[in-house]
Structures are given as C-alpha cells and as structure tokens.
Amino acid sequence: MGLLNALNQWRNTRYENHVTNMKEQNKCPDCYGRGFYPFSANEFVYYAAPYECPGCNGSGLYSDWDTSAN
Ligand SMILES: [Zn+2]
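Here the structure is a predicted model, which means the values were calculated and not measured.

(A) Spatial organisation of the overall build of the chain. Across its full length, the chain holds two helices and two strands. Order of helices (α) and strands (β) in the chain, N terminus to C terminus: α-β-β-α. Relative to its full complement of 70 residues, the chain shows a buried share of 14%. Long-range contacts, defined as pairs at least 24 residues apart, comprise 44% of the intrachain contacts of the chain with a sequence gap of at least 6.

(B) Examining the nonpolar core more closely. One finds Cys28, Cys31, Cys53, Cys56, Tyr62 and Trp65 forming the largest nonpolar core, which totals six residues. Filtering out sequence-adjacent residues up to four positions away, tyrosine 62 remains in contact with Met22, Lys23, Asn26, Lys27 and Cys28.

(C) Expanded view of the environment of methionine 22. Relative to the helices and strands, methionine 22 resides in helix 1 (residues 3–24). When the C-alpha positions of methionine 22 and tyrosine 32 are compared, they lie 7.2 Å apart, and in sequence the two are ten residues distant. Those residues within four positions of methionine 22 in sequence are excluded, and the remaining contacts are Lys27, Cys28, Pro29 and Tyr62.

(D) Here's a closer look at helix 1. Relative to the 32 Å expected for 22 residues at 1.5 Å per residue, helix 1 spans 32 Å between its end C-alpha atoms, a close match to the ideal helical length. Counting buried positions over the 22 residues of helix 1 gives zero, only a small fraction of the element. Following helix 1 by one or two positions, asparagine 26 adopts a phi angle in the positive range, close to 55°.

(E) Geometry of unusual backbone geometry. Backbone geometry places asparagine 26, a non-glycine residue, at a positive phi of 55°. Turning to its location among the elements, asparagine 26 is positioned in the loop between helix 1 and strand 1 (36–37).

Analysis parameters
- The residue count restarts for each chain, going from 1 along the sequence in the order it is written.
- Per-residue local features are limited, in this predicted model, to residues with pLDDT of at least 70; the limit for side-chain atom pairs, both in listing and counting, is 80 or more; totals at the level of whole chains, interfaces and linings are taken over all residues.
- Strands are runs of DSSP state E lasting at least two residues, helices are runs of H or I lasting at least four, and both sets are numbered from the N terminus onward.
- Exposed residues have 12 or fewer other C-beta atoms within 10 Å of their own C-beta, buried residues have 20 or more, and residues in between are partly exposed; the C-beta atoms are placed from the backbone.
- With C-beta atoms placed from the backbone, a contact is any residue pair whose C-beta atoms sit within 7 Å.
- Nonpolar cores are identified as sets of buried Ala, Val, Leu, Ile, Met, Phe, Trp, Tyr and Cys residues joined via C-beta atoms within 7 Å.
- Expected helix span is taken as 1.5 Å per residue step, with the number of steps being one fewer than the number of residues.

Right under this line is the structure:
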C-alpha cells in the first residue's frame, strides 16, 4: 500500500464517477458529449477540423461509447 497505489485508486474512483455521471446524461465520457476533441491549433496543426472522438465515433452518446469501448 504505497502512495502510488492510493493515487491510482483515487484516479480510478474519479474515472468511475465520471463515467457514471456521463452515463446518466447519455454522454460520451471521453469527449464529454461533444463528439470531438477541441485540440489547440499549435499542437495539432495538421487537423483542419476538430479531431473526431474515437470513443463514440463523433456522436457524443454514451450508448455509442459503451458499445465501441467495451
Ligand atoms: Zn466521444
């Protein structure tokens, strides 16, 4: 039981809470229901359009994220 384990446990719990919250709203946990990642221009200069979320295939729906990720 080190500090790292406690930190991982905390992060896992936070992630599970986040997924549960998103599930109640039927929003994709990866992109918060937006369907894309709003990357800043200088980090992803080769993307002309916002990067489509691979978790939900751009739909932003939890149901799509659930079927593709699990
Ligand atoms: Zn998504």
